[in-house]
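This is what each chain is made of:
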Amino acid sequence: MSRALQPDEELVELDAEAVRTWCARAFDALGREREEIDAINVYPVADGDTGTNLYLTAEAAHQAVEAVFAASGPDTAETVRAMAHGALLGARGNSGTILSQLLRGMATVLADGRDGEHLARAFAEAARAARQAVAHPVEGTILTVASAAAEACAAGGTLVEVARGAYEGAATALAATSGQLDVLERAGVVDAGGRGLVTVLGALLETVTGQTPDHPGTAPLPPAAPREKCAGEDGPAYEVIYLLEADDAAVALLRSRLDALGESLVVVGGDGLWNVHVHVDDAGAAVEAGVEAGRPHRIRITHFASDATPAPGRGTARGAEADSRYGADDGYGTDHGYGTDDGYAYACGTADDDARGERAARAIVAVVPGEGLAGLCAEAGATTVRARPGEPPAEDELVEALRRAHAREVVLLPNDTDLRETAAAAAERVRAEGVRVALVPTRAAVQGIAALAVHEPGRRFDEDVVAMTAAAGATRYAELAVAEHRSFTSAGVCQAGDVLGLIEGDVAVIGQDLTETARTVLDRMLSAGGELVTLVVADDAPPGLAAALERHVRRAHLAVDTTTYHAGAEAPPLLIGVE
């Protein structure tokens, strides 16, 4: 797999095989140096995993490159794009996410040329793209090292001259990072992310020269400060990372929203696929922002320390802003208890608590159409609110249900896009009474069912809300209804009595027969993929509807499972969910 150069042989072009060798060597080198890099990780959070995160990111890039070689004989453009795409999909942590953007920036240039001049331009584009991806660039980090590498080889030259200049410039900048950030100077270390980047550039230099460069080490510095006193450990409690399918405009709004929620924000990628990384106290709100921007998946939540001190989001000016917009503390905030003496206490109940007994730890409140779904949700432990045709529940009804749940923590599932503002107002009123309320933005009953299915009362509130939000966001939904009068729709003109197939709120199919229209809607939804279909059938639906649709899915979509629930009376004829 690795290209073995002859003595005194040097590469003049970075061809596909050379890129493959570079990826393999970077992966191997980060594996060898992972523990050393982990040990000096004190910024932005002293969680000792930067080396591991860079190693896992490099592993994803390496595997993607090997996959294209296994499938065909790729050229340089295909290879560098595979490297960048693999890193994007597998990026871990703050430094891993930035590394993926560095590789993406390099790929955009190396796809057009393979010589030293193109490599120099690739380093410049990589540094630019990485800085652009970080909400608030900080000097003394991997960004500084990347910029120094680009500046050191900006004059161009042969492939070897550029690679050597970039490596030496990065190593020099790395040694200076300890004097650029107080936290690094106090700890007596260089930046861990920058150290990892030097390793990656060292692997590139070895690839083009055949010689292993001198190990940069961490340089002899003053004795390290005790780890628990290093700055960076009083920041947000959670690291949130997810892949996101969204357009550029939605991502621009997402950046602004996440920037208000936390810190260490990095959004990398493009062309409809992004990797989002942020440190927050309100993990649920960070995921909710992704759900509203597009389709998040591969969501990873890391709690930095189970006894972390409350950070921004609990009393600071920025935290107050986040609270007012998203209910951070009272919504999905960190799991510091109620009624404590730490200065962040909240009232634990209302005046009638003594009469009703002690509150439950956690409860779910779900708005559902039909008595059948109400019974299903009640069996799962949820307090339900009925939504009747043309009569959505009012704010007071939701407030009453939240109080009736009689719990310290409550998750509210509105299950209707039009109920979002009403539900938010109800949640805010009950939060004022000392109850912690999280609003999961479910837009349909099938999303509520998916959220309820992953609910686990035993885990942390934040983690439970994040899992429920992710499950809901991964569920596409549809509804079949009968037109009451002639109307213009996004699918054309419908007449009274026509069957309407609405996918995610928009009329997509107009038909005459409920079963046939449902088949068409299912096929359209499953054309984009899916593993599980949920059917929610009302009492007044045609007999045999569910059985006919189950048979259709089995025949036309072999790998897809189907689950059917009965909604009972006063529900739409058919609700469909695809996960």
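Novice: Whenever I open this one, the overall build of the chain confuses me. Can you help?
Specialist: Within the chain one finds 20 helices and 16 strands. Looking at the chain as a whole, 56% of its 579 residues are labelled buried. Of all intrachain contacts in the chain linking residues separated by at least 6 positions in sequence, the fraction that spans at least 24 positions is 71%. Within the structure as shown, the chain displays about 23600 Å² of accessible surface, and the carbon and sulfur contribution to it stands at 49%.

Novice: Explain the packing of helix 19 (residues 514-526) against helix 20 (residues 545-556) here, please?
Specialist: Angle between the axes and distance between the axes are the two parameters that describe a pair of packed helices. Close contact between helix 19 and helix 20 brings their axes to 10 Å; oriented N to C, the two are set at 35 degrees. In the packing of helix 19 onto helix 20, the handedness of the crossing is right-handed. Residue-level contacts link Leu514, Thr515, Ala518, Arg519, Leu522 and Asp523 of helix 19 to Leu545, Ala548, Leu549, His552 and Val553 of helix 20. By residue class, the composition of the contact of helix 19 with helix 20 is seven nonpolar, two polar and two charged.

Novice: Where do I start with the environment of arginine 34 in this structure?
Specialist: When you line up the elements, arginine 34 lands in helix 1 (residues 16-39). Taking relative accessible area as the criterion, arginine 34 reaches 28% and is therefore assigned partly exposed. Distance in space between the C-alpha atoms of arginine 34 and aspartate 49 is 8.5 Å, their sequence separation being 15 residues. Beyond its immediate sequence surroundings of up to four residues, arginine 34 is in contact with Gly51, Thr52 and Tyr55.

Novice: Would you take a moment to explain helix 15 (residues 395-405) for this structure?
Specialist: Think of an α-helix as turning once every 3.6 residues; residues three or four places apart then point the same way. For helix 15, the full list of buried residues reads Leu398, Val399, Ala401, Leu402 and Ala405. Along helix 15, the residues classed as buried sweep out an arc of 160 degrees about the axis, all on the same side. Where the residues of helix 15 are buried, they touch strand 5 (360-368), strand 6 (382-386), strand 7 (407-413), helix 16 (420-431) and strand 8 (436-439). Positive phi appears at histidine 406, one or two residues downstream of helix 15, with a value of about 50 degrees.

Novice: Which parts of the structure should I look at to understand the packing of aromatic side chains?
Specialist: The geometry of two aromatic rings is summed up by the distance between their centres and the angle between their planes. Under the defined criterion, the tally for this structure stands at one aromatic pair. Relative to tyrosine 55, the ring of phenylalanine 27 lies with its centre 5.0 Å away and its plane at 20 degrees, an arrangement referred to as stacked. Of this pair, phenylalanine 27 sits in helix 1 while tyrosine 55 sits in helix 2 (residues 50-71); the two residues are 28 residues apart in sequence, bridging distant segments of the chain. On the basis of relative accessibility, which here comes to 14%, the residue phenylalanine 27 falls in the buried class. Above the ring of tyrosine 55, the side-chain terminus of arginine 34 is found at 4.4 Å from the ring centroid.

Novice: Help me understand the sheet that holds strand 8 in this model?
Specialist: As a general point, the strands of a sheet are linked pairwise by backbone hydrogen bonds and lie either parallel or antiparallel. What the four strands build is an open sheet, ordered 6-5-7-8; its pairing is parallel. Edge positions in the sheet fall to strand 6 and strand 8, since each has one partner strand and no second. Neighbour to neighbour, the strand axes of the sheet diverge by 20 degrees on average, direction disregarded. Judged from the six bridges that link them, strand 5 and strand 7 form a sheet pairing that is parallel. Counted as the bridge partner of isoleucine 364 is valine 411 from strand 7.

Novice: Looking at this model, I keep getting lost on the sheet that holds strand 16 (residues 574-578). Mind explaining?
Specialist: Taken in spatial order, the six strands of this open sheet run 13-12-9-16-14-15, and their pairing is mixed. Bordering the open sheet on either side are strand 13 (506-511) and strand 15 (561-568), each of which pairs with just one other strand. On average, each strand axis in the sheet is inclined to that of its neighbour by 20 degrees, with strand direction left out of account. Across seven bridges, strand 14 (residues 532-538) lies against strand 15 in parallel orientation. Its bridge partner lying in strand 15, valine 537 is registered against histidine 566. Relative to the sheet, helix 17 (residues 445-453) contacts strand 9 (476-482), strand 14, strand 15 and strand 16, its axis offset from that of strand 16 by approximately 50 degrees. In the packing of helix 19 onto the sheet, the strands contacted are strand 9, strand 12 (499-503), strand 13, strand 14 and strand 16, and the crossing angle to strand 9 comes to about 160 degrees.

Novice: Would you mind showing me how to read the pairing of strand 1 (residues 238-245) here?
Specialist: Regular strands show a simple pattern: their side chains alternate between the two faces of the sheet. The buried fraction of strand 1 amounts to seven of the eight residues, a majority that puts the element mostly inside the structure. Bridge analysis of strand 1 against strand 3 (residues 273-280) gives eight bridges, and the strand direction is antiparallel. Each bridged residue has a counterpart across the sheet, and for tyrosine 242 the counterpart in strand 3 is valine 276. Examined bridge by bridge, strand 1 and strand 4 (residues 295-303) share seven bridges and lie antiparallel to one another. Note that in strand 4 the partner of leucine 244 across the bridge is proline 296.

Novice: How should I be thinking about the pattern of salt bridges in this particular structure?
Specialist: If the charged atoms of two oppositely charged side chains come close together, the side chains can form a pair. In total, this model carries 24 salt bridges according to the counting rule given. Here glutamate 33 and arginine 195 are joined by a salt bridge, their closest N and O atoms 3.0 Å apart. Of this pair, glutamate 33 sits in helix 1 while arginine 195 sits in helix 9 (residues 192-209), placing them 162 residues apart in sequence. With respect to burial, glutamate 33 and arginine 195 carry one shared label: buried.

Reading guide: rules and limits
Residues numbered from 1 in each chain as written. Predicted model: local features only at pLDDT ≥ 70, side-chain atom pairs only at ≥ 80, totals over all residues. Heavy atoms only, no water. Helix = DSSP H or I, 4+ residues; strand = E, 2+ residues; numbered from the N terminus. Buried < 20%, exposed > 50% of the residue type's maximum accessible area, 1.4 Å probe, protein only. Contact = heavy atoms within 4.5 Å. Areas by Shrake-Rupley, 256 points an atom, 1.4 Å probe, with all protein chains shown as cover. Axes fitted to C-alpha atoms, helices over the stretch in contact; angles between N-to-C directions. Left-handed = near helix turned anticlockwise from the far one by under 90°. Nonpolar A, V, L, I, M, F, W, Y, C, P; charged D, E, K, R; others polar. Arc of directions from axis to C-beta. Phe/Tyr/Trp six-rings, centres within 6.5 Å; stacked < 30°, edge-to-face > 60°. Lys NZ or Arg CZ within 6 Å of the ring centre and 35° of its normal. Pairing = 2+ DSSP bridges. Salt bridge = Lys/Arg side-chain N within 4 Å of Asp/Glu carboxyl O.

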